[in-house]
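Residue-level listing of the chains:
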Amino acid sequence: MASKELIDSLNEALARELQVCIQYMWQHVMVKGPYADEFSNAFRRIALQEMIHAELIGERVDYLGGIPATVPAEITIGGDATQMLQVDRKAEEEAIEMYRRIIEMAEAEKDYTTKRLFEQILADEEDHHNTFRTLLGE
Ligand SMILES: [Fe+2]
Ligand SMILES: [Fe+2]
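Predicted model only: the values in this text are computed from it and were never measured.

Caption draft 1: The side chain of histidine 128, seen in detail. With respect to the element layout, histidine 128 can be found in helix H4 (residues 112–135). We classify histidine 128 as buried; its relative accessible area is 0%. Polar side-chain contacts of histidine 128 include one of 2.6 Å to the side chain of glutamine 49. A polar contact of 3.0 Å, which involves the side chain of histidine 128, links it to the side chain of glutamate 50.

Caption draft 2: Representation of the pattern of salt bridges within the structure. Applying the stated rule across the entire model yields seven salt bridges. The salt bridge partner of aspartate 8 is lysine 4, with a shortest N-O separation of 2.6 Å. Of this pair, aspartate 8 and lysine 4 both sit in helix H1 (residues 4–30), separated by four residues, roughly a single helical turn. Assessed through its relative accessible area of 35%, aspartate 8 is described here as partly exposed.

Caption draft 3: Spotlight on the coordination of the iron ion (ligand 2). Protein ligation of the iron ion (ligand 2) involves Glu50 (OE), Glu92 (OE), Glu92 (OE), Glu125 (OE) and His128 (ND1), the donor distances falling in the range 2.0 to 2.3 Å. The metal-metal distance between the iron ion (ligand 2) and the iron ion (ligand 1) is 3.8 Å, with glutamate 50 serving as a donor to both. With glutamate 92 in helix H3 (residues 81–108) and histidine 128 in helix H4, this pair connects stretches of sequence that are 36 residues apart.

Caption draft 4: Quick peek at the packing of H3 against H4. Two elements in contact, H3 and H4, have axes separated by 9 Å at closest approach and are oriented at 160°. Relative to H4, the element H3 is oriented roughly antiparallel. Seen along the crossing, H3 lies across H4 with a hand that is left-handed. Within the contact of H3 with H4, the residues separate by chemical class into 12 nonpolar, three polar and 11 charged.

Caption draft 5: Region of interest: the side chain of glutamate 92. One buried charge, glutamate 92, has no salt-bridge partner; the nearest side chain with opposite charge is arginine 16, at 7.6 Å. With near-sequence residues (within four places) excluded, glutamate 92 lies in contact with Tyr24, Glu50, Glu125, His128, His129 and Phe132.

Caption draft 6: Representation of the packing of aromatic side chains within the structure. Applying the stated criterion across every chain, the model contains four aromatic pairs. Summarising the aromatic geometry, the rings of tyrosine 24 and phenylalanine 132 are spaced 5.2 Å apart at their centres and angled 70° between planes, so their arrangement reads as edge-to-face. Residue tyrosine 24 is found in helix H1, and its partner phenylalanine 132 is found in helix H4; the two are separated by 108 residues along the sequence. Residue classification places phenylalanine 132 among the buried positions, given a relative accessible area of 0%. Between the aromatic rings of tyrosine 35 and phenylalanine 39, the centroid separation amounts to 6.0 Å while the plane-to-plane angle is 45°, which identifies the pairing as tilted. Exposure remark for tyrosine 35: the relative accessible area of 53% places this residue in the exposed category. A connected cluster of aromatic rings, assembled from ring pairs, spans Tyr24, Phe43 and Phe132.

Conventions and cut-offs
The numbers attached to residues start from 1 for each chain and follow its sequence in the written order. Each chain takes a letter, starting from A, and each ligand takes a number, starting from 1, following the order in which they are written. Local features in this predicted model are restricted to residues of pLDDT 70 or higher, and side-chain atom pairs are both shown and tallied only at a pLDDT of 80 or more, whereas totals for entire chains, interfaces and linings draw on every residue. Water and hydrogen atoms play no part in the side-chain values, which are based on all heavy atoms of the structure. The numbering of helices and of strands both runs from the N terminus, where a helix is a DSSP run of H or I of at least 4 residues and a strand a run of E of at least 2. For every residue, the accessible area (1.4 Å probe, protein chains only) is compared with the maximum for its type, and the residue is labelled buried under 20%, exposed over 50%, or partly exposed between those bounds. Here a polar contact is taken to be a pair of N or O atoms separated by no more than 3.5 Å, where protein atoms must pair a possible hydrogen donor with a possible acceptor and residues adjacent in sequence count only if both atoms sit in side chains. Here, a salt bridge means any Lys or Arg side-chain nitrogen found within 4 Å of an Asp or Glu carboxyl oxygen. Any nitrogen, oxygen or sulfur atom within 2.8 Å of a metal ion counts as a donor, with the limit raised to 3.2 Å for Na, K and Ca, and since water is left out, coordination shells can look unfinished. Between the N-to-C directions of two axes lies an angle of 0 to 180 degrees, each axis being a line fitted to C-alpha atoms and, for a helix, fitted only over the stretch in contact. Small angles under 35 degrees read as roughly parallel and large ones over 145 as roughly antiparallel, with 65 to 115 read as roughly perpendicular and the rest as oblique. Should the near helix be turned anticlockwise from the far one by less than a right angle, the crossing is left-handed, and should it be turned clockwise, the crossing is right-handed. Polar here means any residue other than Ala, Val, Leu, Ile, Met, Phe, Trp, Tyr, Cys and Pro, which are nonpolar, and Asp, Glu, Lys and Arg, which are charged; Gly is therefore polar. When charges are counted, Lys and Arg are positive and Asp and Glu negative, with His and the chain ends excluded. The contact criterion used is simple: two residues touch if any of their non-hydrogen atoms lie within 4.5 Å. Stacked, tilted and edge-to-face pairs are distinguished by plane angle, under 30 degrees for stacked and over 60 for edge-to-face with tilted covering the rest, among Phe, Tyr and Trp rings (Trp via its six-membered ring) whose centres lie within 6.5 Å.

Nothing here speaks to function; it is all geometry.
Pasting the structure below:
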């Protein structure tokens, strides 16, 4: 079965998913400015995807014998629209780095299902990263 280290890492990932799910949803509600409509739609769409990620990781933690995390990592809403997007781009960069490590860890433990799950989620996070970068005009 999975090591404690792997289960703890999945729970760290889950706490981050809960964080960004709330963070992006409240940015969706709070964002102001000339591009608010477009930003707001993107925040909401991505928040809902993060909730699916949380569900999938929680199911995996349970299957592996752990208890799914209930406390989100620290939520940062940001100030104006640009600050929100910058905070979110950084969150996605951190997720990408963390999920690469989890994929390597899962492979080392021959946990191919967790590896495949995180490969799928990693692709979504790269897509989110790209969306925030594009909205920042980069
Ligand atoms: Fe996610
Ligand atoms: Fe994401």
